[in-house]
Amino acid sequence: MRSRACWMCILMKHFCSSSVSEDLGCRRGEFSRKHYGSVELLISSDADGAIQRAGRFRVENGSADENTGHTPGTWHRTDVHLENPEYYTRWYFKYFLGKVHQNYIGTDSEKNPFFLSVVLSDQNNQRVPQYHSILWRKTGTQKICLPYSPTKTLSVKSILSAMSLEKFEKGPREIFHPDIQKDLLVLEEQEGSVNFKFGVLYAKDGQLTDDEMFSNETGSESFQRFLHLLGDTITLKGWTGYRGGLDTKNDTTGTFSIYTVYQGHEIMFHVSTMLPYSRENKQQVERKRHIGNDIVTIVFQEGEETAPAFKPSMIRSHFTHIFALVRYSKQTDSYRLKIFSEESVPLFGPPLPSPPVFTNHQEFRDFVLVKLINGEKATLETPTFSQKRQRTLDMLIRSLYQDLMPDLHKNMLNRRSFSDVLPESPKSTRKKEEARQAEFVRLGQALKLKTGVKGDTPATLATTSFCKKEPWESQSFCSNFPHEVVCADSWGQSLLVSTDAGVLLIDDGQTTVQVFDKTLQIKQMHVLEALDYLVARTDKGKDSRLLVFRLSSVQKDIETKQVIRSKYDCRENKLERTKGCHLYAINTHHGSELRIVVAIRNKLLLITKKYNPCNSLTGSSPSLSESPVEEFQYIREICLSDPPVVMTLVDGPTEDSDNMICVAYRHQFDLVNESTGESYRLHHIEANKVNFVAAIDVYEDGEAGLLLCYNYVCQYRKVNPFNGGSPLIQPSAYDFHFCWNQVPYAVVCAFPYILAFTTDSIEIRLVVNGNLVHTAVVPELQLVASRSDIYFKATAAVSGSSHSSSKEMNSTSSLQTPTAYDMPECSLSSSEGEVTCKNLYKIPLSNLVGRSIERPLKSPLTPKVVTTPTSSGITSLPVTHSLSLSRMEIKEIANRTRKELLGLLDEPIPKTEDAQKQKKIPRRQSDPKQGAVRSTSSDRPMSGDPGK
């Protein structure tokens with residue numbers, strides 16, 4: 001037990017160590033498209049200087065100045081992801097084919113035919129039954145997940161309504177013939193090939209035209225090593241694998257080629273020096289016929305960095321959209337990479353490191369292959385390819401519709417609800433239905449096997465990503481948590497949680513401490529360590545109030561173990577005029593002043609912290625009162641047409657009078673000027689039912705943008721400052737949108753990722769393009785806190801008896817299979833056999849944003865203590881650090897952070913494993929690192945039921 005004097009010493013040092021630099025740790029990542037290159041006009045000329053060709057390409061070189069000297073950097077392997085991997089996107093092959101499911105045919109109000117497929121499946125064998133639905137239309141496919149309820153019947157109309165298809169020319173009818181599976185598989189294959197063919201062009205030093213490059217008969221030794229790195233040399237004659245358009249019978253396209261398999265994708269390289277060479281034909285038409293028709297081409301260029309560099313305009317091809325320029329340095333045994341993408345190609349990752357130099361050849365190979373695969377997939381979304389795909393899909397759907405409709409009219413098939421077929425068939429026709437289903441499944445399984453033999457199956461991708469640690473992997477935080485969570489927020493490295501049993505403070509490895517009893521029902525909270533405030537919304541209805549506590553006072557009560565506070569002990573902490581509030585929002589980027597907007601029905605109250613020149617931003621004075629209510633002032637009241645459901649504060653670039661409030665109600669998102677109270681339409685939603693999820697403010701180069709999340713949609717809108725009283729919110733080229741597979745109840749942005757939380761899964765996508773990178777199945781999932789590190793609660797079926805070997809496991813666990821170990825336990829009544837265990841898990845923000853983040857220095861429960869063996873037995877004082885920063889120092893931190901993000905600084909040294917395994921140290925404490933993040937989540941009340 002520590003003495004009271006020791007705790008007071010810790011408390012004083014805690015105040016000295018807090019600073020506004022904590023704000024950097026609470027931001028959600030730097031939303032920036034600059035990491036993906038900038039568009040340039042590239043011109044190529046002949047030897048006489050005459051312009052031959054020109055084109056606009058997006059150039060990625062990893063740094064602003066390519067000629068700046070850098071030491072070769074190391075790229076984090078966990079940041080390299082295949083986007084929209086087929087294992088997650090080819091739903092019909094994965095969930096439907098070879099299983100009992102239903103298929104429907106119909107026409108929309110414009111007489112365009114469509115197909116709908118629905119199956120009840122178990123999510124990755126995690127005992128989470130869901131309806132997977134696919135809608136095929138001429139514009140493409142739409143896929144959604146719907147929750148399964150044994151007591152609620154799901155209709156075709158409700159599924160189509162969720163897909164925004166509500167008006168029909170002809171109602172959907174079910175297709176019973178098992179051959180429909182083959183046709184629908186063909187429709188899914190129109191999304192793109194599972195296998196890829198890439199061109200490889202060898203260019204000698206000084207070669208500036210495509211005729212010169214294609215005329216190289218052989219390559220250098222370094223080029224041969226590069227080819228060996230890419231894949232294996234195979235003999236084409238008799239080759240039975242993916243051939244990528246090459247002749248495997250008569251050697252008309254060469255004798256050998258380079259081939260590899262990467263994460264289930266077969267890749268054939270069209271190597272210029274391996275394709276047939278003709279001395280008579282200077283243009284080498286045979287070589288250009290293959291490489292010129294590849295979407296992606298690698299150009300291996302010899303020579304020094306100062307030599308004239310390759311430009312895409314040197315190649316005469318209207319088909320190639322992406323060029324990867326590779327240079328090899330013998331001095332450093334490293335590869336330098338540069339990417340050219342045609343202007344119309346959407347952004348794709350991974351972004352190049354800065355500098356784009358790779359000393360680890362295996363990491364370079366992985367990076368290049370992932371970059372090229374993602375690039376070809378992105379190219380298929382350009383107008384050139386998407387229009388062709390749409391025409392093909394439209395033709396196939398119409399042809400299939402014409403073939404099926406006569407039979408449907410002839411047989412007059414009745415419509416049935418999904419509950420009739422899944423999981424049981426009608427009793428009156430059970431034998432007939434069982435025979436039909438058996439034939440249906442048999443044909444589907446045979447088709448699935450045949451597709452696998454051909455090598456067109458994405459199934460092999462299912463087990464390819466388990467060997468590496470992913471950024472979203474969770475850490476166990478607290479096991480056997482028996483309480484219902486209402487809301488929570490991080491406090492240091494602890495978690496302040498409002499539950500049905502009161503407000504608890506939970507720390508990894510420490511005993512849970514009760515801070516407030518259950519009479520104080522907190523519905524929403526923010527822990528502001530830099531300002532020494534705890535802001536909370538309590539109770540509900542007319543009794544709801546906004547309370548403000550001084551964190552140091554709360555911490556003092558914890559340390560001295562005084563009486564636990566009740567609702568009646570908090571009367572002095574109520575903010576005036578906030579009675580009846582149902583929602584509030586704060587600006588978490590409180591570099592200058594703290595702003596709070598409180599919603600009371602359709603009224604908004606703007607409250608700010610009073611300016612006190614004697615009070616530093618980095619701490620508080622001992623003379624201040626216990627209740628900080630007097631430090632706040634009421635500014636103005638703003639009236640809206642309806643009560644807001646979601647509310648987010650948007651910071652203006654000048655921190656003057658251009659701050660905004662984004663509110664969501666009815667079928668729209670509006671922007672409200674904080675100074676004038678004027679409201680402007682930001683986005684209108686064309687849907688019968690709207691489920692508002694979040695409005696997340698992100699900042700790119702000082703300009704504000706909003707991620708508007710509702711239903712299945714996430715829409716980005718760029719918001720310029722108010723100009724003459726109105727904001728510039730017209731749609732621009734920067735706006736984009738994407739759709740989730742399942743309606744989330746919460747969305748968290750941590751650039752480059754955006755995470756959607758549903759009741760049983762976490763869907764992880766990239767912010768810049770909305771591409772899916774991972775879906776983690778987490779049964780009975782509830783997001784607990786996300787303003788800093790992400791905390792969530794999930795259940796897992798565990799044995800009633802404890803396992804002695806559980807503590808020998810790794811300290812992190814995957815979202816797929818959460819485990820409980822090394823966590824503070826809460827009391828839970830045990831029962832015989834299997835019990836449902838509720839655990840808390842954490843995803844560190846630093847893992848997601850790819851670098852260290854400024855974190856609070858210590859837990860409010862127990863600081864990290866370094867002890868040394870002494871004869872006197874005196875324990876050394878806790879180790880603390882002073883971070884009292886001036887504004888200039890804070891600006892330097894932001895500068896340093898940006899450089900770190902661009903790779904211009906040495907990478908921070910990670911902790912050693914020995915330091916992490918010290919069980920006797922009660923508090924793990926990381927060294928503070930600078931983080932520059934400019935994005936927050938919207939403030940929204942969280943109920944005990946995550947689905948509401």
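Scoring rules and cut-offs
- Residues numbered from 1 in each chain as written.
- Predicted model: local features only at pLDDT ≥ 70, side-chain atom pairs only at ≥ 80, totals over all residues.
- Heavy atoms only, no water.
- Helix = DSSP H or I, 4+ residues; strand = E, 2+ residues; numbered from the N terminus.
- Buried < 20%, exposed > 50% of the residue type's maximum accessible area, 1.4 Å probe, protein only.
- Contact = heavy atoms within 4.5 Å.
- Areas by Shrake-Rupley, 256 points an atom, 1.4 Å probe, with all protein chains shown as cover.
- Pairing = 2+ DSSP bridges.
- Axes fitted to C-alpha atoms, helices over the stretch in contact; angles between N-to-C directions.
- Salt bridge = Lys/Arg side-chain N within 4 Å of Asp/Glu carboxyl O.
- Patch = residues over 30% accessible without salt bridge, like charges linked within 9 Å, V, L, I, M, F, W, Y side chains within 5 Å.
- Lys, Arg positive; Asp, Glu negative; His and termini not counted.
- Charge placed at Lys NZ, Arg CZ, Asp CG, Glu CD.
- Phe/Tyr/Trp six-rings, centres within 6.5 Å; stacked < 30°, edge-to-face > 60°.
- Lys NZ or Arg CZ within 6 Å of the ring centre and 35° of its normal.
- Parallel < 35°, antiparallel > 145°, perpendicular 65-115°, else oblique.
- Left-handed = near helix turned anticlockwise from the far one by under 90°.
- Arc of directions from axis to C-beta.
- Expected span 1.5 Å × (residues − 1).

Looking at an unreviewed UniProt entry, one finds the protein chain named GTPase-activating Rap/Ran-GAP domain-like protein 3 and attributed to Meleagris gallopavo.

(A) Local environment of the overall build of the protein chain. Across its full length, the protein chain holds 17 helices and 46 strands. Counting over 948 residues, the protein chain shows a buried share of 54%. Long-range contacts, defined as pairs at least 24 residues apart, comprise 65% of the intrachain contacts of the protein chain with a sequence gap of at least 6. Carbon and sulfur atoms form 50% of the exposed surface of the protein chain, whose accessible area is close to 42100 Å².

(B) Focus on the sheet that holds strand S41 (residues 772–777). If you trace the 4 strands from one edge of the open sheet to the other, you get S38-S39-S40-S41, paired in antiparallel fashion. Every interior strand has two partners, whereas the edge strands, strand S38 (746–750) and S41, have only one. Within this sheet the neighbouring strands show an average axis-to-axis angle of 15°, counted without direction. Note that strand S40 (residues 761–766) and S41 share 5 bridges and pair antiparallel. Counted as the bridge partner of Ile762 is Ala776 from S41.

(C) Representation of the sheet that holds strand S20 (residues 513–516) within the structure. Pairing in this open sheet of 4 strands is antiparallel, and the strands run S17-S18-S19-S20 from one edge to the other. Among the strands making up the open sheet, the edge pair consists of strand S17 (485–491) and S20. Looking at each pair of strands side by side, their axes are set apart by 25° on average, direction ignored. Pairing analysis gives 5 bridges linking strand S18 (residues 494–499) to strand S19 (residues 502–506), with the strands arranged antiparallel. Its bridge partner lying in S19, Leu495 is registered against Ile506. Most of the contacts of helix H14 (residues 551–560) go to S17, to which it runs at about 100°, and overall it touches S17, S19 and S20.

(D) Focus on the environment of Leu116. With respect to the helices and strands, Leu116 occurs in strand S4 (residues 113–122). In the structure, Leu116 is positioned 17 residues away from Ser133 in sequence and 7.1 Å away in space, judged by C-alpha atoms.

(E) Here's a closer look at the pattern of salt bridges. Summed over the entire model, instances satisfying the criterion amount to 30 salt bridges. Among the ionic pairs, Arg289 bridges to Glu286, the shortest N-O distance being 2.7 Å. Taken together, the residues span about one helical turn, with Arg289 and Glu286 both in helix H9 (residues 285–291) at a distance of 3 residues.

(F) Layout of a positive patch on the surface. Residues Lys542, Arg571, Lys574, Lys579 and Arg601 make up a contiguous surface patch of positive charge. Lys574 sits in the partly exposed class, given a relative accessible area of 31%.

(G) Inspection of the pairing of strand S12 (residues 296–301) at higher detail. Most of S12 is tucked away, with 6 of its 6 residues classed as buried. As judged from the 5 bridges shared by strand S8 (residues 196–203) and S12, these two strands associate in the parallel manner. Bridging across to S12, Tyr202 finds its partner in Phe300. With 5 bridges joining them, S12 and strand S13 (residues 322–329) adopt parallel strand pairing. Residue pairing across strands places Ile298 opposite Ala324, the latter belonging to S13.

(H) Structural view of the packing of aromatic side chains. Under the criterion given, the structure shown has 30 aromatic pairs. Ring geometry for Phe477 against Tyr791: centres 5.1 Å apart, planes inclined by 70°, an arrangement best described as edge-to-face. Residue Phe477 is located in strand S16 (residues 474–478), and its partner Tyr791 is located in strand S43 (residues 790–799); the two are separated by 314 residues in the primary sequence. With respect to class, Phe477 is no different from Tyr791; both count as buried. Three or more aromatic residues joined by ring pairs make a cluster, and in this case those are Tyr202, Phe223, Phe226, Phe300, Tyr328, Tyr335, Phe358, Phe364 and Phe367. Its guanidinium or amino end placed over the ring of Tyr87, Lys94 lies 3.6 Å from that ring's centre, counting from NZ or CZ. For Lys448, the ring lying beneath its charged end belongs to Phe93, and the centroid distance is 5.2 Å.

(I) Highlighting the pairing of S20. Sheet analysis places S19 next to S20, joined by 3 bridges and oriented antiparallel. Bridge assignment links Val503 to a residue of S20, and that residue is Phe516. In this antiparallel pair of consecutive strands, S19 and S20, the connection spans 6 residues, and Gly509 shows a positive phi of 90°.

(J) Focus on unusual backbone geometry. Here the residue pair Ser354 and Pro355 is connected by a cis peptide bond, since its omega of 0° sits within 30 degrees of zero. Here Pro355 shows up in the loop between strand S14 (334–342) and strand S15 (357–358). Following Phe751, the chain continues to Pro752 via a peptide bond in cis, the omega torsion being 10°. By secondary structure assignment, the location of Pro752 is in the loop between S38 and strand S39 (753–757). Although it is not a glycine, Ser164 adopts a positive phi angle of roughly 60°. Inspection of the secondary structure assignment puts Ser164 in the loop between helix H5 (156–162) and strand S7 (168–175). Even without glycine at this site, Asp333 takes up a positive phi of about 50°. Structurally, Asp333 can be placed in the loop between S13 and S14.

(K) Inspection of the packing of helix H8 (residues 221–230) against helix H10 (residues 361–379) at higher detail. The geometry of H8 relative to H10 is characterised by a closest axis approach of 10 Å and an angle of 65° between their N-to-C directions. Between H8 and H10, the crossing angle belongs to the class labelled roughly perpendicular. Between H8 and H10 lies a crossing whose hand is right-handed. On the side of H8, the interface is formed by Phe226, Leu229 and Leu230, while H10 contributes His361, Phe364 and Arg365.

(L) Layout of helix H6 (residues 180–189). Listing the buried residues of H6 in full gives Ile180, Gln181, Leu184, Leu185, Leu187 and Glu188. Down the axis, H6 shows its buried residues gathered within 155° of arc, on one side only.

(M) View of H10. The end-to-end C-alpha separation of H10 is 27 Å, in line with the 27 Å expected for 19 residues at 1.5 Å each. Here H10 lies mainly inside the structure; 16 of its 19 residues are buried.

(N) Focus on the environment of Val296. Structurally, Val296 is set in strand S12. Using a relative accessible area of 0% as the deciding quantity, one classes Val296 as buried. Val296 sits 44 residues away from Phe340 along the chain, and the two C-alpha atoms are 9.9 Å apart. When near neighbours in sequence (up to four residues on either side) are disregarded, Val296 contacts Phe198, Gly199, Ile322, Leu372 and Glu376.

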